[in-house]
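# Working through the structure, step by step
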Amino acid sequence: MGGERLLSSRHQKYLAVVGLILCAVFAVLLVRDGVHVPGELPPAGVRAGELGPPIDPNTATAGELAALPGIGPSKAAALVEYRGDRKPFRTSADLLAVPGWGPALVEQTEPYMEFGIQ
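Summary of the structure given here.

## Considerations on helix α3 (residues 73-83)
- Regarding α3, the residues found buried are A76, L79, Y82 and R83. For α3, the angular spread of the buried residues around the axis is 135°, confining them to a single face. Relative to its buried face, α3 has exposed residues pointing more than 90 degrees away, namely P73, S74 and E81.
- Buried residues along α3 sit against α2 (62-66).

Quick look at the structure:
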């Protein structure tokens, strides 16, 4: 058995293609079933509240923020770092002061946030 291949190069390529196809099918099924990947846009047709209850950006953890559409770990960390000892955010417009947070991102995340949740 020394030096013998278990699968020919043709069969190895075939298995690699089958593996890629299975991965693609799985990804399509996840999107179709409405599974949300943190930091990515939600699947088409997902409305506010379908990703969970709204969060308060004044108290949310970086992990909770990163789970919102369009926010990854770096934008979540920027918000947490920025809010530090500052006054609480009162409206979504206040988020524009956070480095890296522009109008498009604020508009995109607004439906998933509430300010001053007790």
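Further notes follow.
## Description of the nonpolar core
- Counting residues in hydrophobic clusters, the biggest one holds 17 residues, and the most contacted among them are L65, L68, I71, L79, L95, W101 and M113.
- Listing elements by their share of this core, those giving two or more residues are α2, α3 and α4 (103-109).
- The greatest single-element share of this core, amounting to three residues, is contributed by α3.
- With sequence-adjacent residues up to four places away left out, M113 is seen in contact with P54, I55, P57, L65, L68, I71, L95 and W101.

## As for a nonpolar patch on the surface
- On the surface, L6, L7, Y14 and L15 cluster together into a nonpolar patch covering about 480 Å² of accessible area.
- With respect to the helices, strands and loops of the structure, L7 is situated in the segment before α1 (9-32).
- With a relative accessible area of 36%, L7 lands in the partly exposed category.

## As for the packing of aromatic side chains
- Per the counting criterion, the structure on display carries one aromatic pair.
- Just above the ring of Y82 sits the side chain of R86; from NZ or CZ to the centre is 3.9 Å.

## Focus on the environment of T109
- Here T109 lies in helix α4.
- Between the C-alpha atoms of T109 and P69, which are 40 residues apart in sequence, the distance is 6.6 Å.
- Ignoring sequence-local partners within four residues, the contact set of T109 consists of P69, I71 and W101.
- Looking at T109, its side chain comes within polar contact range of the main-chain oxygen of V106, at 3.3 Å.

## Focus on the side chain of N58
- Positionally, N58 belongs in the loop between α1 and α2.
- Within polar-contact distance, the side chain of N58 engages the backbone nitrogen of F89 at 2.5 Å.
- In contact with N58, other than residues within four places in its own chain, are R83, P88, F89, F115 and G116.

The rules behind these values
- Residues numbered from 1 in each chain as written.
- Predicted model: local features only at pLDDT ≥ 70, side-chain atom pairs only at ≥ 80, totals over all residues.
- Heavy atoms only, no water.
- Buried < 20%, exposed > 50% of the residue type's maximum accessible area, 1.4 Å probe, protein only.
- Helix = DSSP H or I, 4+ residues; strand = E, 2+ residues; numbered from the N terminus.
- Arc of directions from axis to C-beta.
- Contact = heavy atoms within 4.5 Å.
- Core = buried A, V, L, I, M, F, W, Y, C linked by side-chain atoms within 4.5 Å.
- Patch = residues over 30% accessible without salt bridge, like charges linked within 9 Å, V, L, I, M, F, W, Y side chains within 5 Å.
- Areas by Shrake-Rupley, 256 points an atom, 1.4 Å probe, with all protein chains shown as cover.
- Salt bridge = Lys/Arg side-chain N within 4 Å of Asp/Glu carboxyl O.
- Phe/Tyr/Trp six-rings, centres within 6.5 Å; stacked < 30°, edge-to-face > 60°.
- Lys NZ or Arg CZ within 6 Å of the ring centre and 35° of its normal.
- Polar contact = N/O pair within 3.5 Å; in protein donor to acceptor, adjacent residues only side chain to side chain.

Any functional reading would require information beyond the geometric quantities listed.
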